[in-house]
Amino acid sequence: MIIFDILSDGLFGAIAAIGFGAISNPPKRAFKFIALLGAIGHACRFCLMTYLHVDIASASLVSGLIIGFGSLLLGKPIYCPTTVIFIPALLPMIPGKYAYNTIFSQIMFLQNINQPDLKAKYMEMFFSNGMVTLTVIFLLAIGATLPMFIFHSRSHSLTRRAYK
Amino acid sequence: MTTKTFSMDQVKFVAEYAAHLMGCGIHTSRVIRNTKRLGDALNFDVNISVFQKSIILTIQKNETQQIFSEVIEIPALPISFEHNSELSGLSWEAVDRKLSFEEIKAKYEKIVSAPRMNQWLVLLLVGLANASFCRLFGGDWLSMLIVCIATFAGFYTRLFLQARKINHYIIFIVSAFIASMLSSTALLFNTTSDIALATSVLYLIPGVPLINGVIDIIEGHTLTGISRLTNAFLLIICIAIGLSFTLFLFTNRLV
């Protein structure tokens, strides 16, 4: 049952990556690797958080790193820059629930501004959710771009084809 | 003076190439690298300075020591990863195969005028993607269906308004409002309605400028990086405004 959970998480991660990638008009040959990395990244974060009880921020950093290295490896055979592959693969990991709760608690704060206990509760909710959203997005970006800076000569020449 | 006018063509082409790369969402250091490489292929030395709305290039002809300067505005183009990879590939091809200027220009025109993906296919994929997003956050099958329909309507609104050249902040507010409004029908059923509401607007998240902005700042192109992040941040605020219209209408039922 654990394997089924991981596989279904990866499958939905892949569909989400393909769909959000399609908005940015990637080359058709890149879709298979976008889907693969989207699935691996999201399933990896799911495993870390569910079975190893890692917090969402560290788990996102690890998944971001995996996606970053993956895009460096997979970019070469299809002549695509790393950003073309890793940006769509990262999008399914945006913490939407926390972002929604940030906005929701802000509105509830404004509507309960005359009730001190409710006001304090929504203020706390606003800051904790906002903090998680910002940290996760920042760590995802750092994780995915780090391999690009470490191996910069490789990442600069991914689109170079071999001509005889 | 035929050689000089011929060179001006090349200068204008290199400037247009750089502005096009910048416009369709590529991080600054890659734009600079690609443009310099293209200049090498055409026997130029290119010095380039990138701002948020315009690019300044100084081009030096290697044989004649002539210097040309060009300022070009960055056009607001839809983001295209296909142009990113194909145009980067073109700059390598120009160097490696020593293409002539006419060949490079013909290949550039061909890449730039290639049709984008079918919009209806994109619409379908985005709907499915947002529905699976809903699943990832723990939504059930009914909320997935509602989110799929809501996203479909929201994204169609976005395309419809974009074709009419409406201000893109207003587009984001309206599409976020329509998507969240439709997904609030989940409140009528016994389902995970808060997850449906939360995920219905996520297709609008400007992921490309967010990540490009971070890359730009880390690589020291702070000015363009901050301008990209500011743009992305304004769009996220617009999404929040659209969503909050819906939340204001339904707050009593959500708590």
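Residues numbered from 1 in each chain as written. Chains lettered and ligands numbered in written order. Predicted model: local features only at pLDDT ≥ 70, side-chain atom pairs only at ≥ 80, totals over all residues. Heavy atoms only, no water.

An unreviewed UniProt entry lists chain A under the name Threonine/Serine exporter ThrE domain-containing protein, from Paludibacter jiangxiensis. According to the UniProt record, the Sequence similarities (unreviewed entry) comment for chain A is "Belongs to the ThrE exporter (TC 2.A.79) family." (UniProt positions renumbered as here; feature names shortened; annotations may be inferred.)

Just give me the short version of the overall build of chain A, but keep the residues and values in it.
Each helix and strand counted, chain A has 7 helices and 0 strands in total. Going residue by residue from the N terminus, the α and β elements of chain A occur as α-α-α-α-α-α-α. Oriented by its inertia axes, the alpha-carbon framework of chain A measures out at about 75 × 35 × 30 Å. A total of 164 residues make up chain A; the buried ones form 54% of that total. Of the roughly 7300 Å² of accessible surface on chain A, a fraction of 73% belongs to carbon and sulfur atoms. Charged side chains of chain A number 12 positive and 5 negative; the gap between the two group centres comes to 27 Å. (Helix = DSSP H or I, 4+ residues; strand = E, 2+ residues; numbered from the N terminus. Buried < 20%, exposed > 50% of the residue type's maximum accessible area, 1.4 Å probe, protein only. Areas by Shrake-Rupley, 256 points an atom, 1.4 Å probe, with all protein chains shown as cover. Lys, Arg positive; Asp, Glu negative; His and termini not counted. Charge placed at Lys NZ, Arg CZ, Asp CG, Glu CD.)

Give a detailed account of the layout of surface pockets, specifying residues and quantitative values.
Each pocket or cavity is described by its volume, and for the largest pocket that value is around 1600 Å³. Lining the largest pocket are 48 residues, with B:Gly23, B:Leu77, B:Pro78, B:Ile79 and B:His168 sitting closest to its centre. When contributions to the lining of the largest pocket are tallied by element, the ones reaching two or more residues are helix H1 (2-23) of chain A together with helix H1 (2-23), helix H5 (119-136), helix H6 (141-163), helix H7 (168-183), helix H9 (207-218) and helix H10 (222-254) of chain B. Here the residues of the lining of the largest pocket are counted per class, giving 30 nonpolar, 13 polar and 5 charged. Space inside the second largest pocket adds up to approximately 1000 Å³. Contributing to the lining of the second largest pocket are 37 residues, with A:Ala99, A:Thr133, A:Leu134, B:Phe233 and B:Ile236 lying nearest its centre. Those elements that provide at least two residues to the lining of the second largest pocket are helix H5 (96-111) and helix H6 (116-150) of chain A together with H9 and H10 of chain B. The element contributing the most residues to the lining of the second largest pocket is H10(B), with 10 residues. Looking at the lining of the second largest pocket residue by residue, the class counts come to 30 nonpolar, 7 polar and no charged. (1 Å grid on protein atoms, 1.4 Å probe; cavity = no way out; pocket = protein on both sides within 12 Å on 5 of 7 lines; lining within 4 Å. Points joined across faces, edges and corners; volume = space filled by probe spheres on them. Nonpolar A, V, L, I, M, F, W, Y, C, P; charged D, E, K, R; others polar.)

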